[in-house]
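Remarks on the overall topology
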Amino acid sequence: MTHPPTSPSPELLRFVRGDLPAKDRARLAEAVPDAFGQVPAGLNARDRQALTYERLRAAGRAAPPAAELLDDPALLCGLLERAAVADPALFHVMLLHYTLALGPILRFGGGQQGAARARLEAFEDVGTLLMTEAGRSNSHLAPRTTAVFDAAARAFVLSTPDARAAKFPTNTAHPGVAKTAAVYATLVEGGRERGVFVFVVPVRAADGSVPDGVRIVAAPETGGLPVDYAAVRLEGVRVPYEAWLRDGASFDDEGAFHDPVGDPAARLTRSMAIGPAVWRAVVAASAAVTRASASLLAAHTSGRVTLGRLAPSAPLAGYRNQGEAVLGSLASAYTLTAVAAHVKARRTSAEAPGPAAVAAAGGAWAPWSAVDRDLALLKAAVTAAAQETVTRCRLHSGAPGFAATDRLNAYRGLTHAYMSAGGDNDLILFDTARAMAARDRYVPPPDVPPSLEDLADPQVWPALAGAVEARLAAKLAARVEGAQAGGASAFAAWNAELAPARAAATALADRTVLEIVAAAAADGPAQAAPLWRMAALDWMARRAGVLLNEGVAGPGLLDRVWAARRDLAGEVAVEPLAAALEPPSGLGAPAAFVTGE
Ligand SMILES: Cc1cc2nc3c(=O)[nH]c(=O)nc-3n(C[C@H](O)[C@H](O)[C@H](O)COP(=O)(O)OP(=O)(O)OC[C@H]3O[C@@H](n4cnc5c(N)ncnc54)[C@H](O)[C@@H]3O)c2cc1C
């Protein structure tokens, strides 16, 4: 008789740790030590935020230089993963600092923002992003904040025309932290709009003062992802020519405008080309907090006894609902880890240097899909999956998972927030669906539903998702084209189909993830084999409605999935799978502070 292994295999550990060399991992662990997961008792909100910034500075000064991090996706993701697991608020401000403030300076600045860059690299200033505008949806497509070129002074005047155009949310409220902002504004010259560009603007000094024309209105305190939110209005703020991250565009001595990118729509896409670094980091961080959540749930469950009358003293793990929740959460954690490895290894055309690398101009709902449709879609899929898994872990950890530790609440806040932040998930799905319907750089997979005789066959999983996707995409295209052929406007035609559009894009994301899972099942660590099966079964249960609706599975699907999942959860030893996640110290069973276990 063979006994299940009790410790993780070296292959399993390597899979979870990823490709970063041990010396890099050690350096990142020094930059963001496990101790950052602890917060002293009794801090008020501002003091808590001050501590987050203090830790950001300490981490940034101990980590490799910003330019090196921004040039090495796996290294930057490694740092941000540690931050997310220790403290989601730290992850958020760190992501903004590196990818959304320093990122555009390094990428678009042409080396002309020496002083601002030096302050940010030395963490004397913290970087902040002024992109979204408070009062209108989809503000990223057409910011009403303007940067008017003053030809005589060769300078710019930045203005948010009214309260609805105020930049919100931003992390600028703390009075004791100096901030330099990347401001997204529509460039105006001689009354003509020339496209959206980024401007580097100091918005607060260390003594709390703000420059002339900058008005910061602190937001009420919130707890979901606690940072110093504020709205920022710019009222005639003058900045020098060098504050313009012009990316090859210029005004000549006569004041004539030149932009090698060509037109304002393409310029908007180009200015958003910082997206891939953000999406990679969000995917990696979502995977990391899902791993932490799954190991918390495993720790909560292990050794816990139940008093239900059907079987007094039976172990909680032996009840199938809890066993499946533990194994399903581990499966989700490993799946998202595989997706994170996939995106970390992937460079995109949006990141190629020079204005020649301009992507397609514009999406209908948001700029994101025009920058990198696949990566934006994976960001949407992974944040949604992580949010679902973290929530499941919280529920199955009972009261201790809510009240004895704040980690699961905080991870839930992070994954939930990033379904909106970093590009709203709904809008990404709609733009993806529009590209699918138009066959714009999209080839549907074969509509050949596989036999469901063997649900454990990895080839079945993406084929099943692909058949659903092909059917949804074909129906969507036919309906939208039909409506437009009948005289409906593009708005009316699409507005009637947003639910199917969401389903079609979700199916594409599902297929992509299941292809990654099937590849891991073929080449990945042997010990993880049951996890890929569990991930696929959970996916079938989650999408049973659409699988049945599209006729790629018939009645009885759920009976088979439930049976397969139950059997699997009964067979697998979860200890080595949980141990390979290597949770940081302080992430044991939530109730251990009282039970002492
Ligand atoms: C925690 C957090 C931190 C953030 N930090 C920053 C920051 O530092 N700097 C910054 O600039 N921004 C920040 N953001 C803003 C973020 O980028 C936006 O929230 C996001 O892009 C969505 O924009 P919105 O909030 O205006 O929502 P909206 O655009 O109003 O969208 C809300 C919902 O309305 C629906 N909807 C909207 N428009 C349409 C449409 N045309 N068709 C169909 N449905 C539609 C969708 O269901 C969508 O989910 C942050 C957001 C969060 C949650």
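Values in this document were obtained by computation on a predicted structure and should not be read as measured data.

**As for the overall build of the chain**
What the chain contains, in helices and strands, is 22 helices and 11 strands. Expected size for 597 residues packed as a compact globule is a radius of gyration near 25 Å; at 25 Å, the chain falls within 12% of this value. Projected onto its principal axes, the C-alpha coordinates of the chain cover approximately 85 × 65 × 40 Å. The buried share among the 597 residues of the chain stands at 53%. Considering only contacts within the chain whose residues lie at least 6 apart along the sequence, 76% involve residues at least 24 apart. Carbon and sulfur atoms provide 55% of the accessible area of the chain, an area that totals close to 24000 Å².

**Notes on the environment of Phe199**
Relative to the helices and strands, Phe199 resides in strand 6 (residues 192-204). With sequence-adjacent residues up to four places away left out, Phe199 is seen in contact with Ala147, Phe156, Leu158, Ala181, Ala182, Val183, Ala185, Leu187, Ala243 and Trp244.

**Concerning helix 9 (residues 275-301)**
Over its 27 residues, helix 9 extends 39 Å from the first C-alpha to the last, a length consistent with the 39 Å expected when each residue adds 1.5 Å. For helix 9, the buried fraction is high: 26 of the 27 residues fall into the buried class. Two residues or fewer after helix 9 comes Gly303, characterised by a positive phi angle close to 80°.

**Quick notes on the confidence of the model for the chain**
Considering every residue of the chain, the mean pLDDT works out to 95; 97% of them sit at 70 or more. A low-confidence stretch, residues 354-359 (pLDDT under 50), is modelled with 14 contacts involving residues beyond four sequence positions or located in other chains.

**A look at unusual backbone geometry**
With an omega of -5°, the peptide bond between Phe168 and Pro169 qualifies as cis. Here Pro169 is to be found in strand 4 (residues 167-171). A positive phi angle, near 60°, is found at Phe123, a position not held by glycine. Note that Phe123 resides in the loop between helix 7 (114-121) and strand 1 (126-130). For Phe123, a relative accessible area of 3% puts it in the buried group. Phi is positive for Asp247, which is not a glycine, with a value near 50°. In this structure, Asp247 sits in the loop between strand 9 (244-245) and strand 10 (250-251). By relative accessible area, which is 7% here, Asp247 ends up buried.

**Comments concerning the pattern of salt bridges**
Tallying each qualifying case throughout the model produces 30 salt bridges. Put simply, Asp247 and Arg267 hold a salt bridge, and the shortest N to O gap is 2.7 Å. Of this pair, Asp247 sits in the loop between strand 9 and strand 10 while Arg267 is found in helix 8 (residues 264-271), placing the two residues 20 residues apart along the sequence. Comparing Asp247 with Arg267 shows no difference in burial state: the two are buried. Between Arg543 and Asp510 there is a salt bridge whose closest N-O contact spans 2.6 Å.

**Regarding the site of the ligand**
In the vicinity of the ligand there are 18 residues, among which Thr132, Ser137, Pro169, Asp424 and Asp426 approach most closely. Measuring from a nitrogen atom of the ligand, one finds a backbone N or O atom of Leu129 at 3.0 Å. Within the side chain of Asp426, an N or O atom sits 2.7 Å from an oxygen atom of the ligand. In isolation the ligand has 970 Å² of accessible area, and contact with the protein removes 71% of it. Assessed atom by atom at 2 Å from the grid points, the ligand resides in the second largest pocket. For the shell around the ligand, the elements supplying multiple residues, two or more each, are helix 6 (88-108) and helix 14 (425-437). Of all the elements, helix 14 adds the most residues to the shell around the ligand, at 3 residues.

**With respect to the nonpolar core**
By size, the foremost hydrophobic cluster in this structure holds 157 residues, and its most contacted members are Met94 and Tyr98. The element best represented in this core is helix 9, accounting for 15 residues. Not counting residues within four places of it along the chain, the set of residues in contact with Met94 comprises Val32, Leu56, Ala59, Leu79, Leu80 and Ala83. If you look at the next biggest cluster of nonpolar residues, it comprises 27 residues, including Phe156, Leu158, Ala173 and Ile216.

**Comments concerning the domain arrangement of the chain**
Partitioning the chain into structural domains gives domain 1 (11-121), domain 2 (126-271) and domain 3 (275-592). When each unit is reduced to the centre of its C-alpha atoms, the spacing between domain 2 and domain 3 is 35 Å.

About the cut-offs
- Residues numbered from 1 in each chain as written.
- Predicted model: local features only at pLDDT ≥ 70, side-chain atom pairs only at ≥ 80, totals over all residues.
- Heavy atoms only, no water.
- Helix = DSSP H or I, 4+ residues; strand = E, 2+ residues; numbered from the N terminus.
- Rg over C-alpha atoms; globule rule 2.2 N^0.38 Å.
- Buried < 20%, exposed > 50% of the residue type's maximum accessible area, 1.4 Å probe, protein only.
- Contact = heavy atoms within 4.5 Å.
- Areas by Shrake-Rupley, 256 points an atom, 1.4 Å probe, with all protein chains shown as cover.
- Expected span 1.5 Å × (residues − 1).
- pLDDT = per-residue confidence, 0-100.
- Salt bridge = Lys/Arg side-chain N within 4 Å of Asp/Glu carboxyl O.
- Near = heavy atom within 4 Å.
- Polar contact = N/O pair within 3.5 Å; in protein donor to acceptor, adjacent residues only side chain to side chain.
- 1 Å grid on protein atoms, 1.4 Å probe; cavity = no way out; pocket = protein on both sides within 12 Å on 5 of 7 lines; lining within 4 Å.
- Sits in = over half its atoms within 2 Å of the grid points.
- Core = buried A, V, L, I, M, F, W, Y, C linked by side-chain atoms within 4.5 Å.
- Domains from an automatic or database assignment.

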